[in-house]
Amino acid sequence: MKRRQKWLTGGVVALALMFAAGCGTIGGGGQPTGTTDNAAVQTTATGAGVPIVGKAAPSFSLPTLNGNQTVSLQSLLGKKPLIINAWASWCKPCNIETPDLVKLSKQYGQQVQFVGVNLTSLDSVAQAKAFVINYHIPYPILSDPQGMFDKTYGILSVPTTYVISSKGKVVDVHIGIMSKQLMQSLVKQAIQAG
C-alpha cells in the first residue's frame, strides 16, 4: 500500500510540475483547449524522430514566418551550434522568457545561432508577427503551419528549447520556461558542444 501511495504522490507531483512548466492544452485536433496558461501541452506525436540527447536531431524544413523562404535543419548546421526555441504567442511563459532570449542572442550571436519556431498550427500568423515585433526578435523565426515540427519534435509543452551542436547532435532539451541562469547555462553548453 505504501509503495502505491508513493507512486501516486510522485505522479501527482510530476503532473503538477508539467502543468507549471508550460501553457495551454492541445486537444486531438492540434488546437489549444482550455484557458489556463499552466496546463500541459500534449501532442499526437508518434515518437518517430523525437529528439533524444546524444542522437541526431530530426530534420525539418519550415517556411520563415514572413513566408519568403524555407529553412531546413541541414541549412543551419555546420556553422554554429543552435538554440531552437519553440513557442506560441498566447503562451505566457513564452512571453516571459523571450526578452532574455533576445538579449542572449545579441550577446552570443557570433557563437550560437538562435532560431525560433512558432507553432503556427496552434497560433495565428498575425499574432506571431505581432509577438516578433513586440519583442524585437532579431533571430530567424520559422513557421510550423502544418504542425510537422510539433509532431516530429514531440512538443509536450511550450516553450520548449533544444540545443543542437553544429554537427546536428541533440545536446539538451528543456521543456518549459527558462530562467536567465538556465538560458546562460544552455548557451554555454551549446558553445562547448560546438
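Residues numbered from 1 in each chain as written. Predicted model: local features only at pLDDT ≥ 70, side-chain atom pairs only at ≥ 80, totals over all residues. Heavy atoms only, no water.

Turning our eyes to something else, we now look at the side chain of T98. With respect to the helices, strands and loops of the structure, T98 is situated in helix α3 (residues 92-108). There is a polar contact of 2.6 Å between the side chain of T98 and the backbone oxygen of C94. (Helix = DSSP H or I, 4+ residues; strand = E, 2+ residues; numbered from the N terminus. Polar contact = N/O pair within 3.5 Å; in protein donor to acceptor, adjacent residues only side chain to side chain.)

So, about the packing of α3 against helix α6 (residues 180-193). The geometry of α3 relative to α6 is characterised by a closest axis approach of 10 Å and an angle of 35 degrees between their N-to-C directions. When you trace α3 past α6, the crossing you get is right-handed. For the pair α3 and α6, the contacting residues are E97, D100, L101, L104, Q107 and Y108 in the first and K180, M183, Q184, V187 and I191 in the second. (Axes fitted to C-alpha atoms, helices over the stretch in contact; angles between N-to-C directions. Left-handed = near helix turned anticlockwise from the far one by under 90°. Contact = heavy atoms within 4.5 Å.)

A few words on the confidence of the model for the protein. Here the protein averages 80 in pLDDT, and 74% of its residues register 70 or above. Low pLDDT, under 50, characterises residues 2-21; the stretch is placed with 11 contacts to residues that sit more than four places away or in other chains. Overall, residues 24-48 carries pLDDT values under 50, and its contacts beyond four positions in sequence, including any with other chains, amount to 58 contacts. (pLDDT = per-residue confidence, 0-100.)

Before going further, it helps to examine the packing of aromatic side chains. As enumerated under the stated definition, the model contains 8 aromatic pairs in all. Seen in terms of ring centroids, Y153 and Y162 are 5.0 Å apart; in terms of plane orientation they differ by 80 degrees. Their pairing is edge-to-face. With respect to class, Y153 is no different from Y162; both count as buried. Taken together through their ring pairs, the aromatic side chains of F60, F149, Y153 and Y162 make up a single cluster. (Phe/Tyr/Trp six-rings, centres within 6.5 Å; stacked < 30°, edge-to-face > 60°. Buried < 20%, exposed > 50% of the residue type's maximum accessible area, 1.4 Å probe, protein only.)

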